[in-house]
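Coordinates in review
Below, each chain spelled out in residue letters.
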Amino acid sequence: MSRRLPLVPENTEPLPSLKENQGMLAWVSSVDHKQIGLMYLMVTMVFFVVGGLEALLMRIQLSQPEFNFISPEVYNQLFTMHGTTMIFFVVMPFLIGVGVYLVPLMIGARDMAFPRLNALSFWLVVFGGILIYYSFLTQSGAPDMGWFAYSPLSEKPFSLNKGPTYWALGLLATGISSVASGLNNIVTILTMRTPGMTMRRIPLFVWMILVTSFLLIFVIPIIASAFAMMLLDRLLEATFFTPAHGGSAILWQHFFWGFGHPEVYILILPAFGIISEVIPVFSRKPIFGYEFVAGSTVAIGLLSLGVWAHHMFAVGLGDVTNLYFSLASMLIAIPTGVKVLNWVATMWGGKIIFATPMLFATAFIIEFVMGGITGVAIASVPIDWVVTDSYFIVAHFHYVLYGGSMFAIFAGVYYWFPKFTGRMMSETLGKWHFWLTIIGFNMTFFVQHFLGVMGMPRRIYTYQDFPYWGSMNLISTIGAVVLALSVLVFMWNVHVSRKRGKKAGNNPWDAWTLEWAAASPPAVHNFDLVPPVRGRRPLWDLAHPEQPDEPNAKVVD
Amino acid sequence: MADNKMLIKFFVASESIFFIMLILAYVNFKGTVVDGPTAESSLNPYVTGIFSLFLLASSFTIWLAGKSLRAKNHTMMKVWLLVTIVLGAIFIFGQGREWAGLIEQNITISRNVFGTTFFTLTGFHGFHVCVGLIMLSILLGLALFGDFKGPRSDGVEVISIYWHFVDGVWIVVYSVIYVWAFFL
Ligand code: HEM
Ligand SMILES: [Cu+2]
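Quick look at the structure, then. Each chain carries its own residue numbering, running from 1 in the written order of its sequence. Written order decides the labels, with chains lettered from A and ligands numbered from 1. For a predicted model such as this one, the threshold for reporting local features is a pLDDT of at least 70, and the threshold for listing and counting side-chain atom pairs is 80 or more; totals across whole chains, interfaces and linings nevertheless cover every residue. Hydrogens and water molecules were not included; the side-chain quantities draw on all heavy atoms of the structure.

With respect to the overall build of chain B
Secondary structure assignment for chain B yields six helices and zero strands. In DSSP terms, a helix is any run of H or I states spanning at least four residues, a strand is any run of E spanning at least two, and both are numbered starting from the N terminus. Along the chain direction, N to C, the helices and strands of chain B fall in the order α-α-α-α-α-α. Exposure is judged per residue with a 1.4 Å probe applied to protein chains only, and the accessible area is read against the type maximum: over 50% gives exposed, under 20% gives buried, and values in between give partly exposed. Counting the 184 residues in chain B, one finds 50% classified as buried. Two residues qualify as a contact provided that any one of their heavy atoms is within 4.5 Å of a heavy atom in the partner residue. Sequence separation of at least 24 residues holds for 82% of the intrachain contacts in chain B that already meet a minimum separation of 6. For chain B, the accessible surface area stands at approximately 8,300 Å², while carbon and sulfur atoms represent 70% of it. With 11 positive and 10 negative side-chain charges, chain B shows a separation of 12 Å between the mean positions of the two kinds. Working definition of accessibility: Shrake-Rupley area with a 1.4 Å probe, residue cover restricted to the visible protein chains. His residues and chain termini do not enter the charge count, which takes Lys and Arg as positive and Asp and Glu as negative. Charge positions are represented by NZ for Lys, CZ for Arg, CG for Asp and CD for Glu.

Here's the deal with the coordination of the iron atom of ligand 1
Residues and elements named next belong to chain A. The coordination sphere of the iron atom of ligand 1 contains the protein donors His82 (NE2) and His398 (NE2), at a distance range of 2.0 Å. Only N, O and S atoms count as donors, using a 2.8 Å limit from the metal and a wider 3.2 Å limit for Na, K and Ca, and since water is excluded some coordination spheres may look unfilled. Irregular is the default label, applied whenever a site is not tetrahedral (four donors, all angles between 85 and 135 degrees) and neither square planar nor octahedral (four or six donors, opposite donors over 155 degrees apart, all other angles between 65 and 115). Geometry at the iron atom of ligand 1 is octahedral, judged from its six donor atoms and the angles of 85 to 179° they form at the metal. Taken together, the residues His82 in helix α3 (residues 72-106) and His398 in helix α12 (residues 391-421) connect sequence positions 316 residues apart. Looking at His82, the relative accessible area reads 13%, which means it is buried.

Observations concerning the packing of helix α5 (residues 163-191) of chain A against helix α6 (residues 204-236) of chain A
All names here are of chain A. With axes taken as lines fitted to C-alpha atoms, and helix axes fitted only over the stretch in contact, angles between N-to-C directions fall between 0 and 180 degrees. Where α5 contacts α6, the two axes come as close as 8 Å, and the packing angle between them is 155°. Accordingly, the angle class assigned to the pair α5 and α6 is roughly antiparallel. The element α5 and its partner α6 pack so that their crossing is left-handed. Under this grouping Gly is polar, as are all residues other than the nonpolar Ala, Val, Leu, Ile, Met, Phe, Trp, Tyr, Cys and Pro and the charged Asp, Glu, Lys and Arg. Residue composition of the contact of α5 with α6, grouped by class: 23 nonpolar, six polar and one charged. In these notes the angle categories are as follows: under 35 degrees is roughly parallel, over 145 is roughly antiparallel, 65 to 115 is roughly perpendicular, and the rest is oblique. In a left-handed crossing the near helix is turned counterclockwise from the far helix by less than a right angle, and in a right-handed crossing that turn is clockwise.

Observations concerning the site of ligand 1
Residue and element names in this part refer to chain A. In the vicinity of ligand 1, 23 residues are found, and the nearest of them are Tyr75, His82, Trp147, His398 and Arg459. For the purposes of these results, a polar contact is taken to be a pair of N or O atoms within 3.5 Å, where, inside protein, one atom must be able to donate a hydrogen and its partner to accept one; residues adjacent in sequence count only when each atom of the pair is a side-chain atom. Between ligand 1 and His82 there is a distance of 2.9 Å, counted from a nitrogen atom to a side-chain nitrogen or oxygen. Here an oxygen atom of ligand 1 and a backbone polar atom of Arg459 are 2.4 Å apart. Taken together, the elements giving at least two residues each to the shell around ligand 1 come down to α2 (33-61), α3, α12 and α14 (469-500). Looking at which element gives the most residues to the shell around ligand 1, the answer is α3, with seven residues. A breakdown of the residues in the shell around ligand 1 according to their chemical character gives 16 nonpolar, four polar and three charged. Any residue with at least one heavy atom within 4 Å of a molecule or strand is counted as near it.

Observations concerning a nonpolar patch on the surface
Side chains of A:Phe446, A:Phe450, A:Met454 and A:Tyr468 sit close together on the surface and give an oily, nonpolar patch of about 430 Å² of accessible area. Mapped onto the elements, A:Phe450 comes out in helix α13 (residues 427-453). For patch detection, residues must exceed 30% relative accessible area and be free of salt bridges, and they are connected within 9 Å for like charges or within 5 Å for nonpolar side chains (Val, Leu, Ile, Met, Phe, Trp, Tyr). Each reported salt bridge corresponds to a side-chain nitrogen of Lys or Arg within 4 Å of a carboxyl oxygen of Asp or Glu.

Examining helix α7 (residues 249-283) of chain A
Each α-helix turn comprises 3.6 residues. Residues three or four places apart therefore point the same way. Residues and elements named next belong to chain A. Expected span of a helix, by definition, is 1.5 Å for each gap between consecutive residues, and there is one gap fewer than residues. Here α7 is 35 residues long and its end C-alpha atoms lie 51 Å apart, about the 51 Å a rise of 1.5 Å per residue gives. For a residue, the bend is simply the angle between two axes, fitted respectively to the seven-residue segment ending there and the seven-residue segment starting there. Of all the bends in α7, the greatest, near 25°, is centred on Trp257. Of all 35 residues in α7, 32 are buried; the element is thus mostly enclosed. Its side-chain oxygen 3.3 Å from the backbone nitrogen of Ile250, Ser248 forms the N-cap of α7.

Considering helix α8 (residues 290-303) of chain A
Residue and element names in this part refer to chain A. The terminal C-alpha atoms of α8, which comprises 14 residues, lie 20 Å apart, in line with the 20 Å expected from a rise of 1.5 Å per residue. Every buried residue belonging to α8 is among Tyr290, Val293, Ala294, Ser296, Thr297, Ile300 and Gly301, and all of these are buried. Axial view of α8: buried residues confined to an arc of 165°, hence all on one face. In α8, the exposed positions that point more than 90 degrees away from the buried face belong to Phe292 and Leu302. Close packing links the buried residues of α8 with α6, α7 and α9 (319-347). By arc we mean the arc of the directions from the helix axis to the C-beta atoms, nothing more.

Describing the interface of chain A and chain B
At the junction of the two partners, chain A supplies 32 residues and chain B supplies 25 residues. Throughout, buried area stands for the accessible area (probe radius 1.4 Å) lost by two parts on being put together, summed over both. Surface buried jointly by chain A and chain B totals about 2,400 Å² across both partners, of which 81% is contributed by carbon and sulfur atoms. For the interface between chain A and chain B, the tally reads zero salt bridges. Here chain A and chain B share two residue pairs in polar contact (both at pLDDT 80 or more) between them. Listed by contribution, the elements that provide at least two residues to the side of chain A that touches chain B are α5, α6 and α7 of chain A.

The structure is reproduced here in structure tokens:
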């Protein structure tokens, strides 16, 4: 609670390393938000590679009709673990981790409000991941019921193996972690802002983290209770979700998607935040319509709570129910569209610099809109009835998750890497990474729209030799290999730039938010002196005292 | 100072959702039991009601403990903390008694949806009471060693917010399970 005292020994080296300082202990015992943030990023990178390998195995199996590369049982385990990993152990912890690193810096604070709680959040994610992956070592193998674990598939008579138990326990641990980070973020953002940093001046990334945190603390408990019920069903023979004993399988679907839909906004709102930081800096203009970006996010957060049953159109909930959920879902397109317009308007007439972060941010807009369009399409009941559980859905959510969240994550890494390490990432390798990603990603997933419309179901380990199915699946698999290459280039870039990249200095992009006033990497105490905040772009005001953003702003010390 | 009270308030808000889901599950299955025990056939609203009064009273005594803290009356604060713990423990004893009686009649979590939802809901609530009792005991222990001389202490205030919450949840749970089955 004495947050003004250094919580970890002062680092002599700018970036803590395993060999110097106290070795491993300096990491394991750290409660410094920057060190924890970096650990989040490293762990998510490992999970990204694991989840990516699982995807590659699936794509190899699907590369030609009636192929015998992996067995149906293993295929089921692979897509379950792949989906679970990518969502809960890659995108979520990355966005939370980068938030933990940046939020205190952006608001001019010394650390998170609760540094030890922060460390707990991080280690619970690691623990949950280990728990889930441990199931591969058990006799019966990993969970195989898909990432939404529909009952009765996830229940005893159908899943006698221990996989789903490990799955629910591991995700329960990560869920507790997410609630803890949500709470920590909220208190940090509401109470630890430097003087002058009003809620109307915090960077949009901080706004997005705030709304996401509210979603976390109100939505994760939904699934936590459902996991608890599922575990009771599996371990103590309770009957929540077993229709044979009076339980209800549909109840699980309601509970799961009551969490599951807001969850997709947890996966994308911080990504919006990254984009809203990158685009203005590389367009050399302040963001267009700050209030609209922040306000539409609040609207999205609220709306997202009331649309869950668009995942259940095929259940047969009745026309009125379907109609409501269809219309409500389409409504979300409005605040989302508002943001896209804001970003485009920010770029409009700006002096755009297409460095790698900006390349990914621009591509994000295009790919995300693509996924958004298919999203509005499947919010329409008749269309959903045709393509549900087909590869069209797989294409849709990879456009929003990869083309959306992952592209934003890459933009964020290229943008903040200089802050994290003090060195720039290689632009040449960055461009290679970018173009390989664009080619690989669209090649993998664009054809899946057609496959879906032609009737190829998702979650099948092989298919018959229908016209074009073989060739389109082969295209998709080759795309996945290109995508894998792109990730290798990215990892290579991180590896070489960390040691040999160009020295960055405090503010290599000439950006305007407070994190760029700290050293690169920041000292343990973040700032010697937090610059005065008299507007949304404190570093601009500092550099251009003659034309500040808010000329009439009161000076606060 | 980090804002501990704000933290606990948002935490309690988050926990409310957890309990709302358990209650929704109970409500969802209420009246769907085709054979086997139901709330009406197996519970006793009066005995449980009396034990509930002990829990309600403990909310009052922890408020008194907080008041003594603010008045820098260290002795009374310790007394009220102790009374709170005793009252909470009596409630848990009552719940244990109720559970034992049900299990004796072979009404368990796996018997039917009533058993499933009843034991889950009351079990999670009881678990929260136990966690509260442990935290209160730690507070009392620290107080006996001379902590919390007042007039303010985040520790005492935060735990009492949590305790009020656990109490409030019980009022809802009692209403949904017992009042609904017997008095409506
Ligand atoms: C590295 C590039 C990726 C490739 C090649 C890939 C490929 C695949 C494949 C082949 C499936 C199984 C489809 C099926 O049989 O139904 C799948 C499912 C899935 N993927 Fe990916 N994926 C990639 C990245 C991602 C990312 C970044 C995310 C999330 C952030 C993600 C989330 C999911 C989800 C949620 C599922 C559904 C799992 C289920 O059906 O339970 N994927 N992916
Ligand atoms: Cu949804």
